[in-house]
Every structure is written in structure tokens, then in C-alpha cells.
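Topology and contacts: notes
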2 protein chains.
Amino acid sequence: MTTTDDGPAAATRRRGAHAPGRAQQPGSVRRPAGRSVTSRVLSVLSAFSGECPRLSLSDISRRTAMPLTTAHRLVNELTSWGALERDRDGRYQIGLHLWEVGALAPRGLGLREAAMPYLEDLYEVTHQHVQLAVLDGADVLYLERISGRDAVAVHSRVGGRFPAHATGVGLALLAHAPAAAQEAYLAGPLAAFTDRTIADPWRLRCALAEVRRHGYVISDRQVTLDAVSVAAPVRDAEDEVIAALSVVVRVGETQPGALVPAVVTAARGLSHWLRSHPERP
Amino acid sequence: MTTTDDGPAAATRRRGAHAPGRAQQPGSVRRPAGRSVTSRVLSVLSAFSGECPRLSLSDISRRTAMPLTTAHRLVNELTSWGALERDRDGRYQIGLHLWEVGALAPRGLGLREAAMPYLEDLYEVTHQHVQLAVLDGADVLYLERISGRDAVAVHSRVGGRFPAHATGVGLALLAHAPAAAQEAYLAGPLAAFTDRTIADPWRLRCALAEVRRHGYVISDRQVTLDAVSVAAPVRDAEDEVIAALSVVVRVGETQPGALVPAVVTAARGLSHWLRSHPERP
């Protein structure tokens, strides 16, 4: 897990503009004094976020702190390659070709591809939200989400982030992260989203120990007061926890405890598959 | 459909190294005489492909026709941002952060997000391959694929491409592409993958007319001799065909005709949803 090995700080630096939780604000990213052209190009891409997926040229210029002329030149080059596209109103958005190249990331779609059959099984027995996530610094990054039509509303989206301590997948991942990364996380501020969020370092430390002891976690109304998630860690061929999957249900509708066997079975099934295919993802 | 409007040629230029069918060979892409730094950065990303997702520094230097020192500097900048990552063997691969930014592409995950409930329904009634694709120049680009465990082997992958004329989704999309794009396609070489592939311009013209008349297409053993697909077009709020979805089954196992109502119903369901949500994807 590259990103946890080098710790939250590095990951936060790398995270780009579209990260909630401990992330930087849009436009505040990557402005070293003497910027290389490469860093300028990347800062244009970082200007886009889940909250602001479409930007005008002046938005981009402002968010990247670049003169309009410079931004215009870079945006044109990125657009002709397909990294950016213009929508009907002339605003810029991330282009299909960048999505296509990003789809080659083994830790993204590669892992998701391997997980899909197990996620499908979980979905068919629950018809709720089924999620696959990895830890990237202080956040969980959602690689996949399959959702039932009338499943409870959730904040996660594929490609979206959320602070690890407040989610089931996050707790499952954090519990198995390198000690240094865990300590760094515990030392940092812990945002509370509901009065149920584990926002106290000592409680979080206990929660992580519980996850390691039981092999699963029930995250109870930590993000919203109507949703509870059941999550379990996924191990790769080196027996390292590289991902976590979860089912999110509406409070009171399903007994979370009843979902544990299914979630743990799916997580183990995927871990077995990864063990038998060490070259992937 | 930006990419068909400017025709296959433009899309091929933009397509990057990882495109089969009429695409360029890896490494042969984007080498204008006076290259800007931006084009160099993008050519590094284009060096990666579905066939070669992991590259050494010298691979990258060779494929981008850049001196090792230049390639090294760019690769380092891309790695520190998260566009590239190093695997256990020290080779480079597309990084999770680039996947994350690519996930913001409305024509990629945006459309896929909207389509997922309809794809799920199709999957649950068929347990075969269920695919969502868009037309990008001369290729179909697969945005999503849900696969049953023992479904017939297929060549498609999420983020992968295939020549439009040889696939169900491709025929459904090509049939509704702008006339100029269709003529350009019919004028180009038509690769044959089996003796069933529609590799003759006149037959292809008839096939496209059939698709427009019936509103669906059965692509019979065009890619491999054991697979047949049933596809239907998906329309956006402007009633433009922007995507197609299909079910791929093993020949002889399921009567393709029996799948038509389900496929057409799912495609129309998604089209209705898109019409009622003009702002998305």
C-alpha cells in the first residue's frame, strides 16, 4: 500500500483539489515557488473536483493561480489530447481520454475488476449499497459502489473520498495500516459528522483494536444518523490489507449483525482470489 | 458526441497508445517536431496501455522518444503527484490519483453512475456480461462491464476499446453517429476477427440501417465464434444517442432474440432517466 507507507502527509500533498475531510481546498494545491510546466499542467487537472466538475477558463486560472493566457494555452493542449473536454455551455470538464488512461491504474480499476464478482454476490443478497475502498493517506477512496434503487442515501461516490475514521471501510483499512500511519492519523484532528462519529483518539484506538480482533467492523451512524455499514478487510498475495469492502444499510431496516457473515465471506473470497493471482492487480 | 463529431481521424490522434483496432502502435503517438513540455508529459501517460500497464524508465524513454534524463525528470514529477506509481519491481504504472481525477469525467463515470441501476437489472436477469459503451472515433470505449462468473470469455474490459463495426454496442452507436462519421468509417478498412465479422462496407451499411429500423442489434459471432451480443442505443436529454448497452452470451446457450426485450427495456429506462436529468451526466 504505497500511499499508507509514505503516510498521510505525502498522500495529502498528492491528493489534489477534490478531497474532503483533511484535504486542501480547491485551488490551494501545488503552488511551489518555481513551478515547472509539468506541475502547472497537473495543477490544471487538480482544479477539478467532485464538487466542481465543470470550470470556466477563468475558474481554472483562479484556482491554479496562473495568468489567463498561461491557463488558456495549457487548457488548449489538454483539450486537444482529450484530458479535458468542453460541455455544451463551453465550460471545461475532465475528458474521456483521461478517464481511459486512469482506467489503467492497477490499484484502481485493476483491483475493482478482481473484486466485482464478489461485490455482485453481496449486492444480490442485500440489494443495498455495496462498496469497495482503499486507504489513501487519511482518506478512504471509493473504487466501486453498487447501489440498490431505494438504498439509504450515502455521501460516497466512485472516485470520491471520506475521512477514514468515520466509515466502516476506513476503520477496516486503518486498523491494518502501518503503525506510523495509524499514529499520525490518531494525532490529527478527527472530524465529527454525527454525535456517533468516533472523533476521540482513545475511542478510535480501541475501535481499531476491535477490528483487528474480530476481522470486521460495524460503523454505526457515523456519517449520517440513518445509515450503518458493515465492513471487512481484503488481503493481497502478501497477506497485506490493501482494500476493504462494506455493505451500507438503513438503520432499523436490517440487523447489521446479520450482514457480517456475508461481508466477511465476500472479503475472504476476494482475498483468496488475490492470493491465487499474485500478479494482479 | 464530441468525439464522433470531429471524426475517427481526430479521435485516433487523440486516442493514445492503448487502442487496438485502428489505433496507433504503443510509442508511436504524439511526436510533433517542436514538442511542448505539456505534450511530453501527456506522451508519458500515453506510453501505458492495457497490453503494457507496467513500464520501466527505459521503456517509457523509448516509447516517448525522449532522452532518458528528460523521461526521468517527467516521470519523477508525475510520480510525486500520483499520476504514476512504482510497483514492487520498480516498474511504473498509472497511479491511483490519476484514476481519481479521471473518475470526474462526466462522459466516463458520470454516465456509468447513471446507468448502473439499469445494468444491474439486466445482470440479475441474465447473469452474463452486461456492457455499457460509448463511441470514440472509430472505436467503442467500454465504460462498464458486469460479468457473471462463468460467462463466455470476451475481449472487452472497462476502459478498453474495440473497432465499432465488430461489436453490438458499436453497431448501435455507429448507426446513430453523424453521417460524416459513418461515411468516414465505411471508407476505412474494416478488420475481420472471424468469418462472421461484417468487414464489407456494403453489408455494414445495411446492418446500420437495420439497427435504425429495429432499435436494437444482434451481433453474431463477430469477435469470437462462441459469443453473440444483443445491444441497444441509449439517448440523452437532447434525444442524441450517446451510449449503448449490451448483453453478451455464449452461442447456443441463450436465444439472443429472447434477450432483446430486456436489453431494449434497460436502454429505454436509462434514456428516460437521462431525459429527466438533463444536467447529468
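Scroll up to find the structure.
Residues numbered from 1 in each chain as written. Chains lettered and ligands numbered in written order. Predicted model: local features only at pLDDT ≥ 70, side-chain atom pairs only at ≥ 80, totals over all residues. Heavy atoms only, no water.

**Brief notes about the overall build of chain A**
- If you tally the helices and strands in chain A, you get 11 helices and 9 strands.
- Within chain A, buried positions represent 60% of all 281 residues.
- Once local pairs closer than 6 in sequence are excluded, the contacts in chain A between residues at least 24 apart make up 57%.
- Surface exposure of chain A reaches about 10500 Å², of which carbon and sulfur atoms provide 54%. (Helix = DSSP H or I, 4+ residues; strand = E, 2+ residues; numbered from the N terminus. Buried < 20%, exposed > 50% of the residue type's maximum accessible area, 1.4 Å probe, protein only. Contact = heavy atoms within 4.5 Å. Areas by Shrake-Rupley, 256 points an atom, 1.4 Å probe, with all protein chains shown as cover.)

**Details of helix H7 (residues 106–126) of chain A**
All names here are of chain A.
- Helix length check: H7, at 21 residues, gives a terminal C-alpha distance of 28 Å against a target of 30 Å (1.5 Å per residue), a fit within 8%.
- Approximately 50° is the largest bend angle found in H7, and it occurs at Ala 115, with the proline Pro 117 only one to four residues beyond.
- Most of H7 sits inside the fold, with 16 of its 21 residues counted as buried.
- At the C-terminal side of H7, His 127 shows a positive phi close to 55°. (Expected span 1.5 Å × (residues − 1). Bend = angle between axes of the 7 residues up to and from the residue.)

**What about the sheet that holds strand S3 (residues 92–94) of chain A?**
Residues and elements named next belong to chain A.
- One open sheet accounts for 3 strands, arranged S1-S3-S2; its pairing is antiparallel. Of all strands in the sheet, those bounded by a partner on one side alone are strand S1 (54–55) and strand S2 (84–86).
- Bridging between S1 and S3 involves 2 bridges; their strand directions are antiparallel. Bridging from a neighbouring strand, Leu 55 pairs with Tyr 92 of S3. (Pairing = 2+ DSSP bridges.)

**Comments concerning the interface of chain B and chain A**
- On the side of chain A, 69 residues touch chain B, which itself brings 70 residues to the contact.
- When the two sides are added together, the surface that chain B and chain A hide from each other amounts to roughly 5800 Å², 59% of it contributed by carbon and sulfur.
- The largest per-residue losses of area from chain B upon contact with chain A belong to B:Trp81, B:Trp99 and B:Leu104, which jointly make up 13% of the total buried on that side.
- For the interface between chain B and chain A, the tally reads 11 salt bridges.
- For the salt bridge of B:Arg88 with A:Glu238, the shortest nitrogen-to-oxygen distance reads 3.1 Å.
- One can count 18 residue pairs in polar contact (both at pLDDT 80 or more) joining chain B with chain A.
- Secondary structure elements with two or more residues in the side of chain B that touches chain A: helix H2 (7–15), helix H3 (37–46), helix H5 (68–81), strand S3 (92–94), helix H6 (96–102), helix H7 (106–126), strand S4 (129–136) and strand S5 (139–146) of chain B.
- At 13 residues, the largest contribution of residues to the side of chain B that touches chain A is made by H7(B). (Buried area = accessible area lost by both parts, 1.4 Å probe. Salt bridge = Lys/Arg side-chain N within 4 Å of Asp/Glu carboxyl O. Polar contact = N/O pair within 3.5 Å; in protein donor to acceptor, adjacent residues only side chain to side chain.)

**Considerations on the pairing of strand S5 (residues 139–146) of chain A**
Residues and elements named next belong to chain A.
- For S5, the tally of buried residues reaches 8 of 8 residues, placing the bulk of the element in the interior.
- Counting the residues that bridge the hairpin from strand S4 (residues 129–136) to S5 gives 2 residues, and of these Gly 137 lies at a positive phi of roughly 70°.
- Pairing between S5 and strand S6 (residues 161–163): 3 bridges, direction antiparallel. By the bridge assignment, Asp 139 is partnered in S6 with Pro 163.

**Regarding the relation of the copies chain B and chain A**
- Mapping chain B onto chain A is achieved by rotating through 180° and translating by 0.0 Å along the same axis, at an RMSD of 0.0 Å. Classification of the inter-copy transformation places it as that of a two-fold axis. Ranked by how close their C-alpha atoms come to the rotation axis, the residues of chain B are headed by B:Gly102, at 2.7 Å.
- Of all interface residues in chain B, 99% are interface residues in chain A too; the two copies therefore contact each other through one and the same surface. (Least-squares fit on C-alpha atoms with pLDDT ≥ 70 in both.)

**A look at the sheet that holds S4(A)**
Residue and element names in this part refer to chain A.
- Taken together, 6 strands build an open sheet; the order of strands is S6-S5-S4-S9-S8-S7 and the sheet is antiparallel. Only two strands of the sheet have a single neighbouring strand rather than two, namely S6 and strand S7 (217–220). On average, adjacent strands in this sheet sit at an angle of 30° to one another, irrespective of strand direction. (Axes fitted to C-alpha atoms, helices over the stretch in contact; angles between N-to-C directions.)

**Brief notes about unusual backbone geometry**
All names here are of chain A.
- Phi is positive for His 127, which is not a glycine, with a value near 55°.
- Here His 127 is to be found in the loop between H7 and S4.
- By relative accessible area, which is 33% here, His 127 ends up partly exposed.
- If you check the backbone angles, Arg 221 has positive phi at about 50° while not being a glycine.
- By the element assignment, Arg 221 lies in the loop between S7 and strand S8 (227–235).

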